[in-house]
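Coordinate inspection notes
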Amino acid sequence: MTGEREVVAAALIRDGRLLLAQRTRPPELAGLWELPGGKVEPGETPAAAVRRELREELGVEVTAGERIGADVPLHDGLVLRAYRAELVDGTPQALEHAALRWVDARELGEIALVDNDRGWVPELVALLGA
Ligand code: 523
């Protein structure tokens, strides 16, 4: 048996704002906003997956920090987990998303997030220092 496979999502915070990325796919998620990330590859640590996904999706170098919020069970034995991330180098660009936005706590409460990421809002608001 293989264990559950993890999907990582990164909470990148700078100057009291959280980076959100607007999905382009699949059609039912297109236009909704998420914490950027993706599937951990076999043999890869979650922290390495955070670094790789943000390099691929945003063109930045980050370090991955502590987990935040609860696990979110997905389809097909996948589990979604959020980690803090710190920007080390570069300016985020929407290389694989429709757009990027840095949101404050109020904007985070109003933007159309993907359902799976909604449960993290209280922890994220606390991190934003609202
Ligand atoms: N989510 C999600 N929230 C969130 C992420 C990064 C991912 O709900 N913040 C879901 C969306 C998909 C699954 O997790 O159901 C995999 O995310 P995806 O598609 O961004 O990961 P990839 O790009 O690694 O997966 P492939 O489609 O296989 O390339």
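Computed from a predicted model, the values in this text were never measured in an experiment. (Residues numbered from 1 in each chain as written. Predicted model: local features only at pLDDT ≥ 70, side-chain atom pairs only at ≥ 80, totals over all residues. Heavy atoms only, no water.)

1. Observations regarding unusual backbone geometry
Defined as follows: Going along the chain from the N terminus, every DSSP run of H or I of four or more residues is numbered as a helix, and every run of E of two or more is numbered as a strand. With a 1.4 Å probe rolled over the protein chains alone, any residue whose accessible area is under 20% of its type maximum counts as buried; one over 50% counts as exposed, and the rest are partly exposed.
With an omega of -15°, the peptide bond running from arginine 25 to proline 26 counts as cis. Although it is not a glycine, aspartate 15 sits at a positive phi angle of roughly 55°. Structurally, aspartate 15 can be placed in the loop between β1 (5–14) and β2 (17–22). Positive phi, close to 55°, is recorded for aspartate 76, a residue that is not glycine. Look at aspartate 76 and you get exposed, because its relative accessible area is 73%.

2. Details of the environment of alanine 10
Along the chain, alanine 10 turns up in strand β1. Residue classification places alanine 10 among the buried residues on the basis of a relative accessible area of 0%. In this structure, the C-alpha to C-alpha distance between alanine 10 and glutamate 44, residues 34 residues apart in sequence, is 16 Å.

3. Overview of helix α1 (residues 46–58)
Residues lying three or four places apart along an α-helix face the same way, a consequence of the helix completing one turn every 3.6 residues. Rules: Given the number of residues in a helix, its expected span is that number minus one, multiplied by 1.5 Å. Every residue pair with non-hydrogen atoms within 4.5 Å of one another is taken to be in contact.
Compared with the 18 Å implied by 1.5 Å per residue over 13 residues, the 17 Å span of α1 between its first and last C-alpha is a close match. Close packing links the buried residues of α1 with β1, β2, β4 (37–39), β5 (61–73), β6 (78–89) and β7 (99–103).

4. Overview of the site of the ligand
Applicable threshold: Nearness of a residue to a molecule or strand requires only that one of the residue's heavy atoms be within 4 Å of it. What qualifies as a polar contact is a pair of N or O atoms within 3.5 Å, subject to a donor-acceptor requirement within protein and to the restriction that residues adjacent in sequence count only when both atoms come from side chains. Per-residue and other accessible areas follow the Shrake-Rupley method at a 1.4 Å probe size, with only the shown protein chains counted as cover for residues. Amino acids outside the nonpolar list (Ala, Val, Leu, Ile, Met, Phe, Trp, Tyr, Cys, Pro) and the charged list (Asp, Glu, Lys, Arg) are all regarded as polar, and Gly is one of them.
As a matter of local geometry, the ligand sits amid 17 residues, with Arg23, Leu35, Lys39, Asn116 and Asp117 nearest to it. A distance of 2.5 Å separates an oxygen atom of the ligand from a polar atom in the side chain of lysine 39. In isolation the ligand exposes 600 Å². Once the protein is present, 78% of that is buried. Partitioned by chemical class, the residues of the shell around the ligand number seven nonpolar, four polar and six charged.

5. Quick notes on the nonpolar core
Stated formally: The nonpolar core is taken to be a set of buried Ala, Val, Leu, Ile, Met, Phe, Trp, Tyr and Cys residues, with the residues joined through side-chain atoms within 4.5 Å.
Judged by nonpolar contacts, the single largest core of 22 residues is most densely connected at Leu18, Leu20, Leu35, Leu108, Leu113, Trp120 and Leu124. At the level of secondary structure, the elements contributing two or more residues to this core comprise β1, β2, β5, β6, α2 (105–110) and α4 (121–128). It is β1 that provides the largest number of residues to this core, a total of four residues. What leucine 20 contacts, discounting residues up to four positions off in sequence, is Trp33, Glu34, Leu35, Ala99, Leu100, Arg101, Val103, Leu108, Ile111 and Leu113. Counting 13 residues, the second-largest nonpolar core is a separate cluster that includes Leu12, Val40, Val50 and Ala85.

6. Considerations on the UniProt feature "domain: Nudix hydrolase" (unreviewed entry) in the chain
Definition in use: UniProt positions are given in the numbering used here, feature names are shortened, and annotations may be inferred rather than shown by experiment.
In this structure's numbering, the residues bearing the UniProt feature "domain: Nudix hydrolase" (unreviewed entry) are residues 3–127. Note that residues 3–127 is 24% helix and 41% strand, and that its end C-alpha atoms are spaced 31 Å apart.

7. What to know about the pairing of β6
Inclusion rule: At least two DSSP bridges between two strands are needed for those strands to be called paired.
Bridge analysis of β1 against β6 gives eight bridges, and the strand direction is parallel. For alanine 9, the partnering residue across the bridge sits in β6 and is alanine 82. With eight bridges connecting them, β5 and β6 associate as antiparallel partners. When the sheet's bridge partners are listed, alanine 64 is paired in β6 with alanine 85. The turn linking β5 back onto β6 is made up of four residues, and aspartate 76 within it adopts a positive phi angle of 55°.

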